[in-house]
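Geometric and topological summary
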Amino acid sequence: MLDENEHTYLAKWLNNDLNPEELEELKTLPEYGDYKKIVDGMGYFKAPSFDLQESLQTTIGSLDQPKKGKVIKLRPVLYAISAVASVILIIALFFNKVTYIANPAQQLAIVLPDGSSVDLNASSTLTHQRFFWSQNRKISLDGEAFFKVTSGTNFMVATQLGKIEVMGTRFNIKGRSNEFQISCYEGKVRVSIKDNQQKILQKGERVSLKDKKLIEEHITNAEPLWKKGESIFNSVSLREVLDELERQYDITFRRDRIDQNQLFTGGFNYNDLHIALESVLVPMGIEYIINGTTISLSTL
């Protein structure tokens, strides 16, 4: 079993230090074809052999004798620098990231290398490592996403406010700069935040971060409502509701003439902007004027 971390493992392979068992296991990985193409390409960057110490002494000696006007041949050194730069570039390709972005008013369906699926909600970004995915199933999420995870090695999602370790298959994460909410629809997930706070969620359970504490709730839906094209709120600040409207409709509110701290209970759908605005603003006693994608708000 290959238990080295991926950087050490790659270094061994590039240095031809893998034993036959490790090499055979490498060939079974789904990423092996990509690895081999990159490593094969390294053959084109082989530098000609030369005596580095001798070349260095020649260069230093020439610096001590500027009056002779001797021309120093630096081609071997340039070859070496070029070769090293090429190797660094090739290694960097192994560890670069894949990033998916769902723009405002957009939802994005993603299939990960192991067959796991992710539905990315509007104004959200997901990033994962391009190679060695089967050995390190780790994702960075800024926004909201619904996951269906296949079995395999540990699967972890990191957000700005906490991390989620997957022990099951279906869950939703809302991890924005000021929001952190995890809902479990099947299996189990472990939620961790600062101050060593942890919760293990099972099907039908949810936690939200409020005042730096994880608050437990229960859910009855089979999947998050945003996947059905609607948002529902229960005694949340109007600011949060307007933020979600902006994400789902790619609009901008001018809010300086209203109280955004007042609490809102209700919801809106994603099919019709005018109906959504009426659903949220009329009950709050707020007038609005639409000018393109900018909406000015004021109190009645």
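A quick note: this is a predicted structure, and the numbers were derived from the prediction, not measured.

1. Side note on the side chain of R255
- Mapping R255 onto the fold places it in the loop between β15 (252-254) and β16 (263-269).
- A distance of 2.9 Å separates a polar atom in the side chain of R255 from a polar atom in the side chain of D243.
- A polar contact of 2.7 Å, which involves the side chain of R255, links it to the side chain of Q260.

2. Here's the deal with the packing of aromatic side chains
- All told, the structure shown has 6 aromatic pairs when counted by the stated rule.
- On the basis of an interplanar angle of 25° and a centroid distance of 6.1 Å, the ring pair of F233 and F268 is categorised as stacked. Residue F233 is located in strand β14 (residues 230-237), and its partner F268 is located in strand β16; the two are separated by 35 residues in the primary sequence.
- Residue classification places F233 among the buried residues on the basis of a relative accessible area of 11%.
- Consider the rings of F268 and Y270, whose centres lie 5.8 Å apart with planes at 45°: the pair is tilted. The two residues F268 and Y270 agree in class, both being buried.
- An aromatic cluster of at least three residues, connected via ring pairs, comprises F233, F264, F268 and Y270.
- The residue whose ring lies beneath K227 is W226, and the NZ or CZ to ring-centre distance is 6.0 Å.

3. Side note on the nonpolar core
- In this structure, F147, F155, F171, I182 and V191 are the most contacted members of the largest nonpolar core, which totals 27 residues.
- Taken together, the elements giving at least two residues each to this core come down to β3 (117-120), β5 (137-148), β6 (155-158), β7 (163-166), β8 (170-176), β9 (179-186) and β10 (188-192).
- Ignoring any residue separated from it by four or fewer positions in sequence, one finds I182 in contact with I164, N172, I173, V189, V191, L201, E205, R206 and V207.

4. Focus: the environment of I251
- Residue position: I251 is located in the loop between α6 (238-249) and β15.
- With 44 residues separating them in the primary sequence, I251 and I295 have C-alpha atoms 7.4 Å apart.
- Apart from the residues within four sequence positions on either side, I251 is in contact with L245, E246, L273, T293 and I295.

5. Notes on the sheet that holds β15
- With mixed pairing, the 3 strands of this open sheet are ordered in space as β15-β18-β17. Each edge of the sheet is formed by a strand with only one pairing partner; in this case those strands are β15 and β17 (286-291). Across this sheet, the average inter-strand angle for adjacent strands is 25°, counted without regard to direction.
- Sheet topology places β15 next to strand β18 (residues 294-299); 3 bridges connect them, and they run parallel. Directly across from R254, in β18, lies its bridge partner S296.
- Each of β15, β17 and β18 is contacted by α6, which is oriented at about 140° to β15, the strand it contacts most.
- Those strands touched by helix α7 (residues 273-281) are β15, β17 and β18, and its axis lies near 155° from that of β17.

6. Points about α7
- Listing the buried residues of α7 in full gives A276, L277, V280 and L281. Seen end-on, α7 carries its buried residues on one side only, within an arc spanning 105°.
- Packing partners of the buried residues in α7 comprise α6, β15, β16, β17 and β18.
- Of the residues flanking the start of α7, the one acting as N-cap is D272, its side-chain oxygen 3.0 Å from the backbone nitrogen of H274.

Here is what the cut-offs are and how they apply
- Residues numbered from 1 in each chain as written.
- Predicted model: local features only at pLDDT ≥ 70, side-chain atom pairs only at ≥ 80, totals over all residues.
- Heavy atoms only, no water.
- Helix = DSSP H or I, 4+ residues; strand = E, 2+ residues; numbered from the N terminus.
- Polar contact = N/O pair within 3.5 Å; in protein donor to acceptor, adjacent residues only side chain to side chain.
- Phe/Tyr/Trp six-rings, centres within 6.5 Å; stacked < 30°, edge-to-face > 60°.
- Buried < 20%, exposed > 50% of the residue type's maximum accessible area, 1.4 Å probe, protein only.
- Lys NZ or Arg CZ within 6 Å of the ring centre and 35° of its normal.
- Core = buried A, V, L, I, M, F, W, Y, C linked by side-chain atoms within 4.5 Å.
- Contact = heavy atoms within 4.5 Å.
- Pairing = 2+ DSSP bridges.
- Axes fitted to C-alpha atoms, helices over the stretch in contact; angles between N-to-C directions.
- Arc of directions from axis to C-beta.

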